[in-house]
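Now for the letters of each chain:
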Amino acid sequence: MINNPRVTIVIPVYNGANYLAAAIESALSQTYDNLEIIVVNDGSTDGGATEAVAARYLSRVKYIAQENRGVAGALNAAVSQMSGDFFAWLSHDDIHLSHKTERQIAYHAKLGNPNASVFTDYYIIDGTGKIIDEMKWDHAYFVRCPRLSLLGGRINGCSLLVPRRVLHEFGPFDERLRFVQDYDLWNKIQTKYEFFHQPETLIKYRSHPEQGSLREEAIREGDDLWIRMMNCRSVCERAQISGSSKNFLVEMAHFLDEYTVYKRAVGFAREQASRAVSDSLVSVVLPFDDEIGPALKSAYSVLCQTHTNLELIMVHAGSTELSSAVRTMTRVDERVTVIAGGPSVIGAARDRGLHAARGSYIAFLCAGDVFMPHKIERQLTAMQDGGYVVSHTSYHVGASRDRLTLPTVHSGEFGGKVYPTILDECPIATATVMLHRLLAAEGFAFTRHFGPAEDILSWIWVAQRYEILGIDEPLAVIESLGTNSPGNWKRSVKQLEHVLKQLRADPVHVQYRSKIEALEQLRAQLVELGANDRAESGAAAFPA
Amino acid sequence: MNFRATSRRLALSIPRVRRFYAYAADLRARVESLEAELAQRKADRAELGRRSGQPADQDREDLELQLYMLRSDYQYVVRLLDQSRSDLSEARAELETLRRENREVADQSNGSAGHGGFSGKRSAGQQS
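Residues numbered from 1 in each chain as written. Chains lettered and ligands numbered in written order. Predicted model: local features only at pLDDT ≥ 70, side-chain atom pairs only at ≥ 80, totals over all residues. Heavy atoms only, no water.

1. With respect to the nonpolar core
Then step 1. Judged by nonpolar contacts, the single largest core of 120 residues is most densely connected at Phe 87, Trp 186 and Trp 226 of chain A.
Then step 2. Here this core takes nine residues from helix H2 (residues 58–114) of chain B, the largest share from any one element.
Then step 3. Leave out the neighbours within four places in its chain, and Trp 226 of chain A touches Leu 150, Leu 151, Gly 153, Tyr 183, Met 252, Phe 255, Leu 256, Tyr 262 and Ala 265 of chain A. (Core = buried A, V, L, I, M, F, W, Y, C linked by side-chain atoms within 4.5 Å. Buried < 20%, exposed > 50% of the residue type's maximum accessible area, 1.4 Å probe, protein only. Helix = DSSP H or I, 4+ residues; strand = E, 2+ residues; numbered from the N terminus. Contact = heavy atoms within 4.5 Å.)

Here's what the structure looks like:
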């Protein structure tokens, strides 16, 4: 970081003799000493009135007079000649409070990021300079999601302090734009760097009738800009901001409708929001081995979904040649992809699918389990509406074929902030889970927890970080769950032991002693049950 | 589409993605630890406020600032990571397509060889 960096305050002006002197005086009265002030007269046509005001300060400011190029052209002219390490913009009708530069440089130094830009709160003044309002933003709003500075329309260009190197990397201001050249450039900058809110009121922004932001051309530019700003946000970015694309678009529509005049952008956001569910590509990951029948049954349940915008990724974790039935399916339905997983544990196969997934949402299925026809549509709608990045549902148990009605497990009642409850009570069935791809980017993987209970440990990992949406509607039929045979008790005991080992080894989980003790008791009960069952059937108890 | 270029791109992206994952995990851990610390400080401050009516301390503000910076970095890295994952996945799909095409060409050429197509032999009708 540079010690005592130089700050250039740029004052572009066009026919602005009425307020220019006050603006220049406010720049000259800054308590920060390493300053450069550039006034750009952008081809004023007021008979030399603007020039006459500027002329009074020529010994203390750099003055540029040019043909009219608009605000963007005036700013570009100044930027090309500035010697400062930071750029600050002062409209000819606004005022910088005397400590503005000093406070911003101090705040920037505290941030410790040379590429950070800083913006502040501001007063609104009328034509006479009287304060009529104060725009003081909720700082916690930005700490929660820094991106909201721009998308929430919170950045007042004249409150900014931007490092010159950032301006040079993304500039110049687009001179084809007459009204929104500033937000257009901030939007480009935000693809890489951030605008940080300094919770202090450091400028006075003048609101007066001569401003041109209500002109038809200005509205057209603004509409185009906001549509562009919404469009360039990735699925992940939208989820980071609002939990889902739909929520993001609904919130944007609300903001634009409430606080701006950009009704075309509002219409665009609403229309996109109404299609957010059907536009979402969902990837379903289905690992399968050499036994092809159950896998085909599961695959058909995916391809018959009411939500058709999906891809089925079948991960072949078997050792034999791919069956002709699977090959035919890939030819008949282009939504099916088969990838080779090699003989591997199910978690590794799921991760292969997770990495290959192109969808915004990813669901999992085990060979033999089936989705109800509206499963993806229901779950996706609930996630998009609620802004959740992870969900699971209740399910039917399909093992007992002799019953007309399948028993239901109401696991979907389990939801919300379920950590640490989940440590000794994880009812989540993997074949009912749907994740946003954001989780994969944030490091979610089944193989993070190698071992016999990797899915349980995965859901614990998820619950620690995210709020889980539980949907109490049976949307899958699960056959892959074991029956109550001693062999499966043995497996459960093994899983429990693995979970216990992992929980004891984790410095956070281990703090929840009562949870761990409850699991230990459960393990002891299972061992006892297994022993009784084996004794009744005349066999020796299985070793714990 | 070029097999060599795709392979090289794939080879280059895998370590990049891994590096991003490691960096993202580190940032996430720091964000989480700062969140916990901040929550603790807030609780301490509330307690202190109850006892003495003291205003917010500088320490807490500094901590909040750190959290602000880290969260911004973290969210940026996650977005970059998601982009890298997409690139990697596309490169893998391209590679798979190239492999399949390569196999098909090899199969065809093997098949044709049996009929003299690429064997260099001329059939009777081709004799000049």
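2. Re the sheet that holds strand S3 (residues 62–66) of chain A
All names here are of chain A.
Then step 1. Taken in spatial order, the five strands of this open sheet run S3-S2-S1-S4-S8, and their pairing is mixed. Because the sheet does not close on itself, it has two edges, and the strands there are S3 and strand S8 (162–163).
Then step 2. Bridge count between strand S2 (residues 35–42) and S3: five bridges; the pairing is parallel. Residue pairing in the sheet places Asn 41 in a bridge with Ala 65 of S3. (Pairing = 2+ DSSP bridges.)

3. Considering the packing of aromatic side chains
Residues and elements named next belong to chain A.
Then step 1. Applying the stated criterion across every chain, the model contains 18 aromatic pairs over all chains.
Then step 2. Between the aromatic rings of Phe 255 and Tyr 259, the centroid separation amounts to 5.8 Å while the plane-to-plane angle is 35°, which identifies the pairing as tilted. Taken as a pair, Phe 255 and Tyr 259 lie in helix H11 (residues 245–259) at a separation of four residues, close to a single helical turn.
Then step 3. With 5.6 Å between their ring centres and 10° between their planes, Phe 444 and Trp 459 make a pair best called stacked. In this pair, Phe 444 sits in the loop between helix H18 (437–441) and helix H19 (454–465) while Trp 459 sits in helix H19, placing the two residues 15 residues apart along the sequence. Residue Phe 444 shares its accessibility class with Trp 459, and that shared class is buried.
Then step 4. Above the plane of the ring of Phe 446 lies Arg 350, whose end atom (NZ or CZ) is 5.1 Å from the centre.
Then step 5. Sitting over the face of the ring of Phe 371, Lys 375 holds its NZ or CZ atom 4.1 Å from the ring centroid. (Phe/Tyr/Trp six-rings, centres within 6.5 Å; stacked < 30°, edge-to-face > 60°. Lys NZ or Arg CZ within 6 Å of the ring centre and 35° of its normal.)

4. Thoughts on H11 of chain A
Then step 1. Here H11 of chain A is 15 residues long and its end C-alpha atoms lie 21 Å apart, about the 21 Å a rise of 1.5 Å per residue gives.
Then step 2. Next to the buried residues of H11 of chain A lie helix H6 (148–151), helix H9 (216–231), helix H10 (235–242), helix H12 (263–274) and helix H17 (375–386) of chain A. (Expected span 1.5 Å × (residues − 1).)

5. Observations concerning the confidence of the model for chain A
Predicted coordinates in regions of low pLDDT should not be interpreted in detail.
Then step 1. Summarising the model, chain A shows a mean pLDDT of 89, and 93% of its residues fall at 70 or more.
Then step 2. Between residues 538–544 of chain A, whose pLDDT stays under 50, and residues either more than four places distant or in other chains, the model counts 14 contacts. (pLDDT = per-residue confidence, 0-100.)

6. What to know about the state of the cysteines
Residues and elements named next belong to chain A.
Then step 1. Counted by the stated rule, this structure contains zero disulfides over all chains.
Then step 2. The thiol of Cys 232 is not disulfide-bonded; the next cysteine sulfur, from Cys 145, is found 14 Å away.
Then step 3. You can call Cys 232 partly exposed: its relative accessible area is 44%. (Disulfide = S-S within 2.5 Å.)

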